[in-house]
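Understanding the architecture of this molecule
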Amino acid sequence: MPDYGINISDEIERLSLGQEPDMASAPPPPPPVNSRGIIAVDITEQFAQASKALAPGELVKDGFFTLFESVAAIEIMDPKMDSGCVKPGEQIEELYDVSRPLLPEEVLGIIDQLICHEMSWHLGYPLSQTLFTSVYVEALLMPNPRGINEARFIRDESSPIHQDPMLEVFRAYCLGMIKACGYVNQRIRSEHYYEEEDFVTNTYSRSLLEQLPTQSVQETILAAEAILKSRQGAAADQIVDALLARLELRRALLEAAECVQHMKEPGQMGEPWKKGLEILPRIKSTQGLGKPVDEAFSAKLQMKLASTMPPRPIVKIGFDDAFGHLQRLFQDGFEVVGVLNYTDSQCLQSFVTNFQAKKPQPLVYVRTLLQTFLFNAMEILGSMSIRQLLDDDFSIIVLPASPLLDRDNDEIEAVEDPRFTISAQMELFRQRAAQPFLDVLRTACQNRSRVRRTLCHSIRDWENLQLDAEEIDQIIQVKTKEQPIIHKSSLNNTPVESYALPLSSWSYLYKLRKMEEIVQLGFELEVYQQDELAGMYWYLNHLSKSRVQHVERIKTFVVHRAEEAKKSRTRDQFVEKQVQRSLAYTCLALLDAAVTWELSDTLSCLYTVLHRLNLIKIPTRPYSNDELRYEVRMKPFGPIGLPAMPTFEEFTIGTQQPDATSDELLDYADRALAGAKKGFETLTKLTAEESFSVGSYDRWLAGAKNGLKSCIATGIAISTVRKGLHKSSEGNGINLKVEIPTPDKTYHDWWIIPRVVVV
């Protein structure tokens, strides 16, 4: 390196002491360009003159540009790609003055615009296209305020803006909004979600006031409310009341967002959500009083954000749509708190399943809030261990009042004692079963498409768990010296000897339920084509038939346990309660599996007849055939050993029923439908306790009633098809028309009932 006479250490010391650098020792200027062989020409004026001839966005490309340079050049001055590109005559900076006084109706209008942007963010649009397009939000966040007093539109404390009451009211609202958004963003990031599908948590190097205490923000909002109350009578009372309602809503949402610390007090957690629901009608009725200020929002602010994304237009949704989402947010938030009122593991699963199946589905923030309630700090609902939840589920399904779940077994230290081995094996199974079991709840908290996709992977975990459970069952069977019981087989009604095998039975039941759910979600999500409905309902019938047989086997051992309890000389109320609860569950499980079996069988026969009559259009598939589509549909079930996946030949014969006439298929469908209808009628008469839906009974009952309506609609379709067949036999031809409705136009998303009309 050339020696310019600079002592680097001396210069660093000089600068650290605040002294000016030693210019005498500074490096000399670069050598002049004019030297032998180099002729320098100043082309500044020519370049400037030539560039004026180019239109904005027009490029000049040299033939030696590399691909990377070409792509970079395409982005430059392209309004769709270059965030720094502005139209001719426009300023690169947003010139809106945040210090200008605002009228009360203008404050109200901007707040309503911010509500629309906030709900757009909740729906999954990024902050760069929603809240961060507000000039006022940008002024509050940049530079990052270190305290509540710095969080102002103008940081100069001597500015007269600080004395403007309307700007102070608006500032308080913005602080509450940004702080609540910070809580929402933090909650979603701490739980399982899918950014490409659900939500964008990127804050683009902006801090959502995480460093400001919530109490300070609440006090600022209260001070703003005091300002408004003091102005009542001086301004239009309607506008003042509208602004008060919006500030109260901000306080309620802030309280709701930080209420996770009160998980052990569900009543206290639900108060902010309830308060917000009471405020919302006041906001709805005063929406038209505001005056929007569109210039307070600008897409130019995206230039200042730390983002690699090209500029995007501002997302605008109407206030009515935004208010509907806001109201749903508070309704779902108030409802989700009910999950903390624990009854038993099956009621908990029913709550989560029915809540997440709502249409429209709860917003992602509410879904992640539910995950927090379920799994926060490795505790279930903030008070239960995973073992307690698992043991409760074991006792309901397969082990009512069983000594295998006795906590006293853990105190045994003698290795030769059978209870020592039982305790160790049960703990081993809990460790292996914990993740698949908790995934049942966590998976249900995702969007519906992700639920199905995740289930396709998780059933392999249940398959592996069942294999592990079989080994553990055999070890426990030897240690307990279990004696087999004799019962009649559900297949051929012959007496057989069977062991309980409770753990593998529990695993197999969950695996069957998840396999059925995959198929049922396929109907809900419109995965199957119209000509595939007959086959997929046949396969659903195949799975539900296996579940009926398995639940009957479980019921045999539960009844045997109940008989043992009756024979016992010492009547234990706890044992009787556990046994009766288990019997109630097996009855419910049998009913649920039976109605699924019967109705799916009915629909499979009905769609098969419609196929034969050429009433269902088959799309042209030049690159596909029936066998390839079968492999695609059955791909999730390929690794499953039991129940064995039917072969393509079995699937084809079961779907097409070549040995039965159309009249015989309709007669069979009528008999199956009668069984399904009777089963749904029985379900609708169950109480919340009998249906294991305490906390979500209304939604569960609505699902059962919709299933009954589906049966009635199916009966009408079968009757219409039968009449059409009768007329065609007289030589009149088939005068029927079939319409396959989408799931949102059916009584139940899982039962796609064809609408058959006479032409």
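Residue indices follow the written sequence of each chain, beginning from 1 at its first position. Local features in this predicted model are restricted to residues of pLDDT 70 or higher, and side-chain atom pairs are both shown and tallied only at a pLDDT of 80 or more, whereas totals for entire chains, interfaces and linings draw on every residue. Side-chain metrics rest on all non-hydrogen atoms present in the structure, leaving aside hydrogens and water.

1. Some remarks on the confidence of the model for the protein
The condition that has to hold: Every residue is assigned a pLDDT by the predictor, reflecting its confidence on a scale from 0 to 100. Here a helix means four or more residues in a row that DSSP labels H or I, a strand means two or more in a row labelled E, and each is numbered from the N terminus. Only heavy atoms enter the contact rule, under which two residues are in contact if any of them lie within 4.5 Å.
Mean pLDDT over the protein stands at 88; residues scoring 70 or higher make up 88%. At the low end of the mean pLDDT range in the protein sits helix α1 (residues 8-16), at 47; at the high end sits helix α16 (residues 502-524), at 97. Low pLDDT, under 50, characterises residues 1-9; the predicted model gives this stretch 8 contacts beyond four residues in sequence or across chains.

2. Comments concerning the nonpolar core
Which entries qualify depends on this criterion: We call a set of buried residues a nonpolar core when its members are Ala, Val, Leu, Ile, Met, Phe, Trp, Tyr or Cys and they connect through side-chain atoms within 4.5 Å of each other. Between buried and exposed lies partly exposed: a residue is buried under 20% and exposed over 50% of the maximum accessible area for its type, with that area taken using a 1.4 Å probe on protein chains only.
Ranked by size, the top nonpolar core spans 207 residues in total, and within it L114, Y136, F170, W273, L374, W506 and Y607 carry the most contacts. In terms of residue count, helix α18 (residues 573-612) provides more of this core than any other element does, 16 residues in total. Once residues lying within four places of it in the same chain are set aside, the contact partners of W506 are L390, D393, F394, I397, V398, F429, A433, F437, W462 and L465.

3. Quick word on the environment of S120
Tracing the backbone shows S120 in helix α4 (residues 104-122). A residue is classified by how much of its surface remains accessible, and S120, at 0% relative accessible area, is buried. As a C-alpha pair, S120 and D321 span 201 residues in sequence and 9.7 Å in three-dimensional space.

4. Structural notes on unusual backbone geometry
Cis geometry is adopted by the peptide bond preceding P143, which originates at M142 and carries an omega value of -10°. Note on placement: P143 falls in the loop between α5 (135-141) and α6 (165-189). The step from K359 to P360 runs through a cis peptide bond, and the omega angle for that step is -5°. Topologically, P360 is positioned in the loop between α11 (345-356) and α12 (364-375).

5. A closer look at the environment of C347
With respect to the helices, strands and loops of the structure, C347 is situated in helix α11. As a C-alpha pair, C347 and E689 span 342 residues in sequence and 8.6 Å in three-dimensional space. Residues in contact with C347, not counting those within four places in the same chain, are F692, S693 and V694.

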